[in-house]
Amino acid sequence: MFDKLEDLLIRFEEIMGELNEPSVVNDQARFQKLMKEQSDLQPIVDAYKEYKDSKQTVEDSLTMLDEESDEEMREMLKEELNDAKARIEELEHKLKILLLPKDPNDDKNVIVEIRAGAGGDEAALFAAEIYRMYVKFAESQRWKTDMMSFNENGIGGFKEVTFMINGQGAYSKLKYESGVHRVQRVPETESGGRIHTSTITVAIMPEAEEIDFHLDMNDCKFDVFRASGNGGQCVNTTDSAVRLTHIPTGIVISCQDEKSQLKNKDKALKVLRSRLYEMELEKQHDAEAEARRSQVGTGDRSEKIRTYNFPQGRVTDHRIKLTLHRLDGVMNGDISEVIDSLIAADQAAKLANLQDQ
């Protein structure tokens, strides 16, 4: 590990030198690439430098303890020594995590698809609430959200909704949200007062650029139609809505949120490209079945991942056995504790997997 850290430190110094060269500054593509590499290495370099400083503090404290006779001074040195040793242990763990192979999609924006499952209108209402939860969470992270398409049920719910979240590292935090979300409560649509269980599915897809996935436009068929539902006079009176069919897979995507046919077409292509890219990633995951087993679930839409129990005001994530008794906060977008716990569990599983190899 330390040989690798020394190599990264040398590489970091090289990058810093290159960034000051006029030839690099004038080459924007090269400059941006180096800036990205520098940004990725910075936390590792900072932690490693602090680790080396702490190691030096331990050596210096031991040397001074050998020479010091004053008892009060010795106590201070012992305290400094213990603090430095504890910090070294923390930093070793942190460096192991920082050196774990990084998911190349972690920095990407995400496209989120939420679909009502079992439970009819109640599932559609819950889909709308989960949509709002993610929008609120995105706001707390200063990320932007952009509606792509939706299909309402007439009473404020979504049969399905697709939207985009634009923000640095969005995929790294939200990728664990894919799967089946279950709600247990007395539905607004139920007069008998019995608790029902309904489900929705969430799919989190990294936004795929042309560089990630080349889409053959000959495989795409476009139809235009008049938008329906809320949207105002302009949206509903022109053929601005777009239906995109991907012929080889049969995937159909409709976008009608924008007044412009061109913008709806662009959004439909973004969703399609990301969906096809996700299918490619799934194939890779299946091929790496052993590695997949060591990770917290990220992507299987049939996996029941979380239950939102309204009568008891609790949320349970079944993968990591985490239960929080603050459902109101979670539904208002305060899901950082759940996400941080999932990230920590995934990192721990990967570290354990590395040690077993």
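Structure: above.
Computed from a predicted structure; not experimentally measured. For every chain, the first residue of the written sequence is number 1, and numbering continues from 1 onward in sequence order. Where local features are concerned, this predicted model is filtered to residues with pLDDT of at least 70; where side-chain atom pairs are given and counted, the filter is 80 or more; whole-chain, interface and lining totals use all residues. Only hydrogens and water are removed before side-chain values are computed, so all heavy atoms of the structure are retained for them.

Draft legend 1. Region of interest: the packing of helix α1 (residues 2-18) against helix α3 (residues 28-67). To get an axis, a line is fitted to the C-alpha atoms, and for a helix only the part in contact is used. The angle between two axes follows their N-to-C directions and goes from 0 to 180 degrees. Under the DSSP-based scheme used, a helix requires at least four consecutive residues in state H or I and a strand at least two consecutive residues in state E, with every element numbered from the N terminus. Interaxial distance between α1 and α3 falls to 8 Å at its minimum, and their mutual angle equals 135°. If you check the angle between α1 and α3, you find them oblique. The hand of the α1/α3 crossing is left-handed. Of the residues in α3, those touching α1 at Phe2, Leu5, Glu6, Leu8, Leu9, Arg11, Phe12, Glu13, Ile15, Met16 and Glu18 are Arg30, Leu34, Glu37, Gln38, Leu41, Gln42, Ile44, Val45, Tyr48, Lys49, Tyr51 and Lys52. Angle categories: roughly parallel below 35 degrees, roughly antiparallel above 145, roughly perpendicular from 65 to 115, and oblique for all the rest. By definition, turning the near helix anticlockwise from the far helix through less than a right angle yields a left-handed crossing, and turning it clockwise yields a right-handed one. The criterion used for residue contact is that any of the two residues' heavy atoms lie within 4.5 Å.

Draft legend 2. Spotlight on the sheet that holds strand β11 (residues 322-324). Here eight strands make up an open sheet; going across it, the order is β2-β3-β1-β5-β4-β9-β10-β11 and the pairing mixed. The strands lining the two open edges of the sheet, one partner per strand, are β2 (144-152) and β11. Ignoring which end each strand starts from, the neighbouring axes of this sheet average 15° apart. By definition, two strands form a pair when at least two bridges between them are found by DSSP. Note that strand β1 (residues 110-116) and strand β5 (residues 196-206) share seven bridges and pair antiparallel. By the bridge assignment, Ala116 is partnered in β5 with Ile200. The strands touched by helix α5 (residues 120-140) within the sheet are β1, β2, β3 (158-166), β4 (179-185), β5 and β9 (304-309), with β3 carrying the most contacts at an inclination of about 10°.

Draft legend 3. Spatial organisation of the packing of aromatic side chains. The criterion for an aromatic pair is that two Phe, Tyr or Trp rings (for Trp, the six-membered ring) have centres within 6.5 Å, with stacked assigned to planes under 30 degrees apart, edge-to-face to planes over 60 apart and tilted to the rest. Enumeration over the complete set of coordinates arrives at seven aromatic pairs. Seen in terms of ring centroids, Phe2 and Tyr51 are 5.2 Å apart; in terms of plane orientation they differ by 25°. Their pairing is stacked. Taken together, the residues span a long stretch of sequence, with Phe2 in helix α1 and Tyr51 in helix α3 at a distance of 49 residues. For Tyr51, a relative accessible area of 6% translates into the label buried. A centroid spacing of 5.6 Å and a plane angle of 90° characterise the contact between Tyr131 and Phe158, whose relative ring orientation is edge-to-face. Taken together, the positions of Tyr131 in helix α5 and Phe158 in strand β3 put the pair 27 residues apart, joining distant regions of the chain. Taken individually, Tyr131 and Phe158 each receive the classification buried, so the pair is uniform in this respect. Per-residue accessibility, obtained with a 1.4 Å probe over protein chains only, is compared with the maximum for each type, and a residue is labelled buried under 20%, exposed over 50%, and partly exposed between these values.

Draft legend 4. Structural detail: the pattern of salt bridges. A carboxyl oxygen of Asp or Glu within 4 Å of a side-chain nitrogen of Lys or Arg is what we treat as a salt bridge. Counting across every chain of the model gives 28 salt bridges. A salt bridge links Lys36 to Asp40, with the nearest nitrogen and oxygen atoms 2.8 Å apart. With a gap of four residues between them, Lys36 and Asp40 both fall in helix α3, about one helical turn apart. In this structure Asp40 comes out as partly exposed when scored by relative accessible area, which is 33%.

Draft legend 5. The arrangement of the sheet that holds strand β8 (residues 251-255) in detail. Across the sheet, three strands lie side by side as β6-β7-β8; this open sheet has antiparallel pairing. The open sheet has two edge strands, β6 (220-225) and β8, and neither has a second partner. The sheet shows a mean angle of 20° between the axes of neighbouring strands, taken without regard to direction. Strand direction decides the pairing type here: strand β7 (residues 241-246) and β8, joined by five bridges, are antiparallel. Bridge pairing links His246 to Ile251 in β8.

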